[in-house]
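In case you want the letters, here they are:
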Amino acid sequence: MVGDDGTSLPYGLKKEIDVSTLQGKIAVVTAAGQGIGRASALAYAKAGATVWATDINETALASLNGVANVQTARLDVLDSAGVNAFFEKIGRVDILFNCAGVVHGGTVLDMADKDLDFAFDLNVRAMIRTIRAVLPGMIERQDGAIINMASIASSSKGVPNRCAYGVTKAAVIGLTKSVAADYVAKGIRCNAICPGTVESPSLEERMRAQGNYDEARAAFIARQPMGRLGNPEEIADLAVYLATATYTTGQAYGIDGGWSI
C-alpha cells in the first residue's frame, strides 16, 4: 500500500482514519510509550478522541508530547492508590485500553513463583484495577468501551515456553467475558485483542536475548503463515474498531496473521 506522500505503508494500514469516528470521546491507553500502546494512542487521537497516553516509562512517553489530542501521564498500573488517584483526576473515561503487560519465557517446570506472581499482577490485576476505576462512571452514563490486551498465546493456543504468559493471558480472556456478562445491560462493552507475533521493542529485546538475533527473528517469522510479523498499527486498527463497536461485547479477537488457523 502507498501513502499519500508516495512512501510505502506496512500491510494492513489504512490511508486515512475517519477523524469523526471518536469525536468527543475520552480514551485512556496504558503502556502507551511504545509498541501497540503507542500506535493505538495515535490511532485514537487521529480518530478524534482526546487521549490520555500513560506509561511508567516517561522517557518513552515523551515521544508523544505535542501530538494533537494526546496528553501524557506517568501511571504505574501496579499501584492501586496511584491508579485510583489518576482516574479521579481525569474524570470521565469513554474508552479504556488496557495494554500493559509482560512476557515471561519458560515451561511450568521452569517458571519461578515470583515470575508467575508478577505476571498475574501486571497482566491481570492491573486490568482489574483500571476497570474498577472507570466502571462506575461508565455505568452511570450507560456507555463505555473496555478493551483488554490478551494474546493468541492463551486459552486460544498453546505456545511452547510461554507458561506464565499463556496462563495469565487466558485469565485476561476470562476477565473480559466476566465483565462483559455482568455489565452488558448497562451499556458497557468489554472485548479482548489477541495478537500473534508483532514487531515491538519488547519483541526486539526478546530476540536479542536469545543470543543469535538473526536466527531468532527467522524462527519467529517462519511460524507465521503470512510469512511476516504483524505491526503495531494493524493492532491499533482493531483497537479503534472495538472502541466504536456498539453491538460487540465479550469477544476475544484473534489478530495473528493466521498463526492459529
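Overview of the structure. (Residues numbered from 1 in each chain as written. Predicted model: local features only at pLDDT ≥ 70, side-chain atom pairs only at ≥ 80, totals over all residues. Heavy atoms only, no water.)

1. Some words on the sheet that holds strand S3 (residues 70–74)
In spatial order, the strands read S3-S2-S1-S4-S5-S6-S7; together these seven strands make up an open sheet with parallel pairing. Since the sheet does not close on itself, it has two edges, and those belong to S3 and strand S7 (252–255), each with one partner. Taking the axes of each pair of neighbouring strands and ignoring which way they run, one obtains an average angle of 20° across the sheet. Pairing of strand S5 (residues 144–149) with strand S6 (residues 188–195) involves six bridges; the strand directions are parallel. By the bridge assignment, Ile 147 is partnered in S6 with Asn 191. (Pairing = 2+ DSSP bridges. Helix = DSSP H or I, 4+ residues; strand = E, 2+ residues; numbered from the N terminus. Axes fitted to C-alpha atoms, helices over the stretch in contact; angles between N-to-C directions.)

2. Describing the environment of Pro 195
Mapped onto the elements of the fold, Pro 195 is located in strand S6. We classify Pro 195 as buried; its relative accessible area is 5%. The spacing of Pro 195 and Ile 152 is 43 residues in sequence and 5.7 Å in space, taken between C-alpha atoms. Ignoring anything within four residues of it in the chain, the contact list for Pro 195 reads Ile 36, Met 149, Ala 150, Ser 151, Ile 152, Ile 235, Ile 255 and Asp 256. (Buried < 20%, exposed > 50% of the residue type's maximum accessible area, 1.4 Å probe, protein only. Contact = heavy atoms within 4.5 Å.)

3. Describing the side chain of Ser 40
Topologically, Ser 40 is positioned in helix H1 (residues 35–46). Filtering out sequence-adjacent residues up to four positions away, Ser 40 remains in contact with Phe 97, Ala 236 and Ala 239.

4. Overview of the pattern of salt bridges
As enumerated under the stated definition, the model contains 10 salt bridges in all. In this structure, the salt-bridge partner of Asp 115 is Lys 114, at a minimum N-O distance of 3.3 Å. By relative accessible area, which is 22% here, Asp 115 ends up partly exposed. Between Arg 217 and Glu 204 there is a salt bridge, with the nearest N and O atoms lying 3.5 Å from each other. (Salt bridge = Lys/Arg side-chain N within 4 Å of Asp/Glu carboxyl O.)

5. Section: the packing of helix H3 (residues 80–90) against helix H4 (residues 113–141)
For the pair H3 and H4, the least separation of the axes is 10 Å and the interaxial angle reads 30°. Overall, the two elements H3 and H4 adopt an arrangement that is roughly parallel. Here the hand of the crossing between H3 and H4 comes out right-handed. Residues Ser 80, Val 83, Asn 84 and Phe 87 of H3 lie in contact with H4, whose contacting residues are Arg 129, Thr 130, Ala 133 and Val 134. Among the residues forming the contact of H3 with H4, the class breakdown is four nonpolar, three polar and one charged. (Parallel < 35°, antiparallel > 145°, perpendicular 65-115°, else oblique. Left-handed = near helix turned anticlockwise from the far one by under 90°. Nonpolar A, V, L, I, M, F, W, Y, C, P; charged D, E, K, R; others polar.)

6. Quick word on the packing of H4 against helix H5 (residues 163–183)
Look at H4 against H5: their axes get within 9 Å of each other, and the N-to-C directions meet at 15°. Judged by the inter-axis angle, H4 sits roughly parallel to H5. Between H4 and H5 the crossing geometry is right-handed. Judged by residue contacts, Leu 116, Ala 119, Phe 120, Asn 123, Val 124, Met 127, Ile 128, Ile 131, Leu 135 and Ile 139 of H4 engage Ala 164, Tyr 165, Val 167, Thr 168, Lys 169, Ala 171, Val 172, Leu 175, Val 179 and Tyr 183 from H5.

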